[in-house]
Amino acid sequence: MRGAQPESDADALGDRALVVALRCGSPAAVRAFVSRFRPMLVMAARRYAIDEAERGDLADELLAEAAAHFMDSSAPVPLSVRGYLLRGLRNRVLNAARGRQRRERATAAATDAAGDPESQFERAVPGCASEHSLRSSRGPDWDGPSPLTPALARLAGTLAAELSVDERLLVTWLGHHVPHQEIAAWLGLGYDATSKRIRRLRARLHAAALRYAADLDPTEREQVLTFLRRAADALVRGAGGSRS
């Protein structure tokens, strides 16, 4: 069995050789990898204006991910290990910025659309009221913005009234096709807990829509039920894809 690599030997290795030592399972190489590149990543995080309290944790996360990647014998050894790590940091910062911008746009949309009955309607059936289903509910000749039928407009108000501020934000994110995993991160919840919250909200609003439809005349009831059927079909088709 190969003996443990002395710390001094690992420290003396070049960057690419250190990666090879990682791949050989050397604990000394792991420690040398972290001690060599952590200060560089912390300093780079400072240049990106990352909060001081978060710089070390971010560097540790990136180093752990990179070490796990390098330990895979099929992963190519980069020509520049430092460049690889700095690109990883840059991508992490850019992705976080995009996520914040996406959340801000969705939040602004929720606020701007508060007085728009049609927008309320699309958001009131989270994940179900696709553009296709809205078009279908209005008929084959619909081409562009038009008022909702009176029955669907009243349904919009009924469902919107059942939404709390947090629920309005949640369904707006869904309307912007934000993946469940990203919503979970924004809410500070696990993926399963977030998906369960979304399913319960959909079920509650669907039940409210059915109660509303029960009191309509036959023509208007059919309009609402047709919309709900097509929305449900769209949701089923969407569920057949990859995990959100």
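Look up a bit, the structure's there.
All residue numbers refer to positions counted from 1 along the written sequence of the respective chain. Local features in this predicted model are restricted to residues whose pLDDT is 70 or higher, and side-chain atom pairs enter the listing and the counts only when it is 80 or higher, whereas totals over whole chains, interfaces and linings include all residues. The side-chain values count all of the structure's non-hydrogen atoms but skip hydrogen atoms and water molecules.

Notes on the overall build of the chain
Part 1 of the argument: In terms of regular secondary structure, the chain is built from 12 helices and 0 strands.
Part 2 of the argument: Helix and strand definitions follow DSSP, with helices as H or I runs of at least four residues and strands as E runs of at least two, each counted in order from the N terminus. Secondary structure of the chain in N-to-C order comes out as α-α-α-α-α-α-α-α-α-α-α-α.
Part 3 of the argument: Summary of the burial criterion: residues with accessible area below 20% of their type's maximum are buried, those above 50% are exposed, and those between are partly exposed, where the area comes from a 1.4 Å probe applied to protein chains only. Evaluated residue by residue, the chain yields a buried proportion of 38% over its 244 residues.
Part 4 of the argument: Intrachain contacts of the chain at a sequence separation of at least 6 include 62% that bridge at least 24 residues. By definition in these notes, contact holds between two residues if any of their heavy atoms fall within 4.5 Å.

Side note on the packing of helix α3 (residues 27-47) against helix α4 (residues 52-70)
Part 1 of the argument: Inter-axis angles, ranging from 0 to 180 degrees, are taken between N-to-C directions of lines fitted to C-alpha atoms, where helices are fitted over the stretch in contact. Two elements in contact, α3 and α4, have axes separated by 9 Å at closest approach and are oriented at 135°. One element, α3, and the other, α4, form an angle in the oblique class. Between α3 and α4 the crossing geometry is right-handed. Taking contact as the criterion, the partners of F33, V34, F37, R38, L41, V42, A45 and R46 in α3 are, on α4, R55, G56, A59, D60, L62, L63, A66, A67 and F70.
Part 2 of the argument: Asp, Glu, Lys and Arg are counted as charged, while Ala, Val, Leu, Ile, Met, Phe, Trp, Tyr, Cys and Pro are counted as nonpolar; the rest, among them Gly, fall into the polar class. Here the residues of the contact of α3 with α4 are counted per class, giving 12 nonpolar, 1 polar and 4 charged. Under this scheme an angle from 65 to 115 degrees is roughly perpendicular, one under 35 degrees roughly parallel, and one over 145 degrees roughly antiparallel; angles in between are oblique. Whether a crossing is left-handed or right-handed is set by the direction in which the near helix is turned from the far one by less than a right angle, anticlockwise for left-handed and clockwise for right-handed.

Considerations on a nonpolar patch on the surface
Part 1 of the argument: A contiguous nonpolar patch, built from V30, V34 and M71 and spanning about 200 Å² of accessible area, is present on the exposed surface.
Part 2 of the argument: Within the fold, V30 resides in helix α3.
Part 3 of the argument: Its relative accessible area of 30% is what places V30 among the partly exposed residues. Residues enter a patch when their relative accessible area is above 30% and they make no salt bridge; the linking distance is 9 Å between like charges and 5 Å between nonpolar side chains (Val, Leu, Ile, Met, Phe, Trp, Tyr). Method for areas: the Shrake-Rupley scheme with a 1.4 Å probe, in which residue coverage is limited to the protein chains shown. In the sections that follow, a salt bridge refers to a side-chain nitrogen of Lys or Arg positioned within 4 Å of a carboxyl oxygen of Asp or Glu.

Examining helix α2 (residues 15-23)
Side chains of residues three or four places apart in an α-helix project in the same direction, reflecting 3.6 residues per turn.
Part 1 of the argument: Taken residue by residue, α2 has L18, V19, A21 and L22 as its buried positions. For α2, the arc enclosing every buried residue in end-on projection is 160°, short of the 170-degree limit, so these residues lie on one face.
Part 2 of the argument: With its phi angle positive at about 80°, G25 sits one or two positions after the end of α2. Directions from the helix axis toward the C-beta atoms define the arc.

Observations regarding the pattern of salt bridges
Part 1 of the argument: A full pass over the atoms with the stated rule returns 6 salt bridges.
Part 2 of the argument: The salt bridge partner of R82 is D15, with a shortest N-O separation of 3.1 Å. Here D15 lies in helix α2 and R82 lies in helix α5 (residues 81-112), a separation of 67 residues in the sequence.
Part 3 of the argument: The exposure class assigned to R82 is partly exposed, which follows from its relative accessible area of 34%.

Quick word on the packing of aromatic side chains
Part 1 of the argument: When two rings of Phe, Tyr or Trp (its six-membered ring) have centres within 6.5 Å they constitute a pair, described as stacked for plane angles under 30 degrees, edge-to-face for angles over 60, and tilted for the intermediate range. Evaluation of the coordinates by the stated rule reveals 3 aromatic pairs.
Part 2 of the argument: For the pair F70 and Y84, a centre-to-centre distance of 5.1 Å together with 45° between the ring planes defines the contact as tilted. Of the two residues, F70 sits in helix α4 while Y84 sits in helix α5, which places them 14 residues apart along the sequence.
Part 3 of the argument: Here F70 falls in the buried class, since its relative accessible area comes to 0%.
Part 4 of the argument: Through a chain of ring-to-ring contacts, the aromatic side chains of F33, F37, F70 and Y84 assemble into a single cluster.

Notes on unusual backbone geometry
Part 1 of the argument: One non-glycine residue with positive phi stands out, namely A49, at about 65°.
Part 2 of the argument: Positionally, A49 belongs in the loop between α3 and α4.
Part 3 of the argument: With a relative accessible area of 61%, A49 lands in the exposed category.

Things to note about the packing of helix α8 (residues 150-161) against helix α11 (residues 191-214)
Part 1 of the argument: Viewed as axis vectors pointing N to C, α8 and α11 meet at an angle of 135°, and their least axial separation amounts to 10 Å. Relative to α11, the element α8 is oriented oblique. Crossing of α8 against α11: the hand is right-handed. For the pair α8 and α11, contact is made by P150, A151, R154, L155, T158 and L159 and by L205, A208, A209 and Y212, respectively.

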